[in-house]
Amino acid sequence: MIHNLSIVRTALPRINLRPIYTLTARWRSLRTLEDGSLHTFRDNAFIPSKPALLPKAHFIALPSIQKWFRTTQDGTGGVALNYSHLSKFGDAIVPLEFTRLSTASAANQYEDSFQRADVPLYIFLEWTKSASRETSERLYLAQASFSNLPEALKVDLPTPEIVANSGIGDIYDTNIWMGIPPTYTPLHRDPNPNLFVQLAGHKIVRILPPEIGDKVFEQVQNALGRSGSAAFRGEDMMKGEEMRLLEDQVWNDTSVLDEAGEGGYEAHVGRGDGLFIPKGWWHSVKGVDDGITGSVNWWFR
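Residues numbered from 1 in each chain as written. Predicted model: local features only at pLDDT ≥ 70, side-chain atom pairs only at ≥ 80, totals over all residues. Heavy atoms only, no water.

Visitor: I'd love a proper account of the sheet that holds strand 12 (residues 264–269), names of residues and values included.
Guide: Taking strand neighbours across the sheet as the criterion, the five strands line up as 1-12-11-14-9 in an open arrangement whose pairing is mixed. Looking at which strands have only one partner, the edges of the open sheet turn out to be strand 1 (27–29) and strand 9 (183–189). Across this sheet, the average inter-strand angle for adjacent strands is 20 degrees, counted without regard to direction. Across the sheet, helix 9 (residues 240–251) is in contact with strand 1, strand 9, strand 11 (202–208) and strand 14 (282–288); its angle to strand 9 comes to roughly 85 degrees. (Pairing = 2+ DSSP bridges. Helix = DSSP H or I, 4+ residues; strand = E, 2+ residues; numbered from the N terminus. Axes fitted to C-alpha atoms, helices over the stretch in contact; angles between N-to-C directions. Contact = heavy atoms within 4.5 Å.)

Visitor: Account for the nonpolar core, naming residues and giving values.
Guide: Counting 47 residues, the largest nonpolar core has Phe41, Trp68, Leu81, Phe124, Leu195 and Leu199 as its most contacted members. Here this core gets five residues from one element, more than from any other, and that element is helix 5 (residues 121–130). Excluding its chain neighbours within four sequence positions, the residues that come into contact with Phe124 are Leu81, Leu96, Leu139, Leu141, Met178, Gly179 and Ile292. Counting residues in each nonpolar core, the second largest holds 16 residues, with Tyr184, Leu245, Leu246 and Val250 among its members. (Core = buried A, V, L, I, M, F, W, Y, C linked by side-chain atoms within 4.5 Å. Buried < 20%, exposed > 50% of the residue type's maximum accessible area, 1.4 Å probe, protein only.)

Visitor: Please provide a residue-by-residue account of the sheet that holds strand 2 (residues 52–53), values included.
Guide: Spatially, 2-13-10-15-8-7-5-6 is the arrangement adopted by the eight strands of the open sheet, whose pairing is antiparallel. The sheet is open, and its two edges are formed by strand 2 and strand 6 (115–120), each paired on a single side. Note that strand 2 and strand 13 (residues 274–277) share two bridges and pair antiparallel. Looking across to strand 13, one finds that Leu53 is bridged to Leu275. Sheet strands in contact with helix 5 are strand 5 (93–100), strand 6, strand 7 (137–145) and strand 8 (171–179), and its direction is about 140 degrees off that of strand 7.

Visitor: Let's hear about the packing of aromatic side chains: which residues, and what values?
Guide: To describe a pair of aromatic rings, one takes the distance between the centres and the angle between the planes. Enumeration over the complete set of coordinates arrives at nine aromatic pairs. Ring centres of Phe46 and Phe276 lie 6.2 Å apart, and the angle between their planes is 50 degrees; this geometry places the pair in the tilted category. Pair noted here: Phe46 is in helix 2 (residues 38–46) and Phe276 is in strand 13, with a separation of 230 residues, a long-range link. Each member of the pair, Phe46 together with Phe276, is buried. One aromatic cluster in this structure is built from Phe41, Phe46, Phe276 and Phe300. (Phe/Tyr/Trp six-rings, centres within 6.5 Å; stacked < 30°, edge-to-face > 60°.)

Visitor: Describe in detail the environment of Asp35, supporting the description with residues and values.
Guide: With respect to the element layout, Asp35 can be found in the loop between strand 1 and helix 2. Dropping the residues within four chain positions of it, Asp35 is found in contact with Thr40 and Pro55. Only 2.6 Å separates the side chain of Asp35 from the side chain of Ser37, close enough to count as a polar contact. There is a polar contact of 2.8 Å between the side chain of Asp35 and the side chain of Thr40. (Polar contact = N/O pair within 3.5 Å; in protein donor to acceptor, adjacent residues only side chain to side chain.)

By themselves, these figures tell us nothing about what the structure is for.
Dropping the structure here:
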């Protein structure tokens, strides 16, 4: 469990983890919709159940982008949390994930140290003030449910029109994600359509069609000698051999995709960018570059 702020006040070892991911034959650039209108989104992405990027910075007007984050004063154009605003909500309880980075290869960049705890937001805010991508002990505010946020923060995330009106208007959950790269979500699929919007920083998302993702996940489960479920972002896939095998399949060169001659799509998302991932499509997400990353997703139908 995460009991105090000692991990943000202690001099932590520095390591060099700055992987560079490039498009290969098996990862094609994901298409971008011609415009962000409800009609275009519904007819070209939602109804045919095809992944797509919304036009660049389509969601830049979300109040959370302007209010939760600020441009750093170091001249790099980087982004940091807006502490003067967010500290007002420091007592709000949020889910934090604790991991410890290893100096091993990218396939083994996490040791078996994954823990999850519900703690006050101020713990995460304090950690980010001194942390960087080289900090070995990590906190990730992951999958924080919109329903548990203070009302004053909820108003900063109005539901996009394409979420409210593309289908029958059901929103199953809205989640917040914040961290300092490298952040990571292993290969999994969602039981509902997913609109993913980047609020700050940059992430790379790799996406596989249902039938190809099934093959990849089945191979990992066979290697582990078990039959698991990949619905949602489960704790089992966040540590140990399952996490390492899933990363190998999607982000490294030892992949069943090469053997099958099959591949998927890659999307780079930055501030204000939106990505639609249909129900059942497999995806894995990495936070990259420096500074803070922030994202929100809506599961809906």
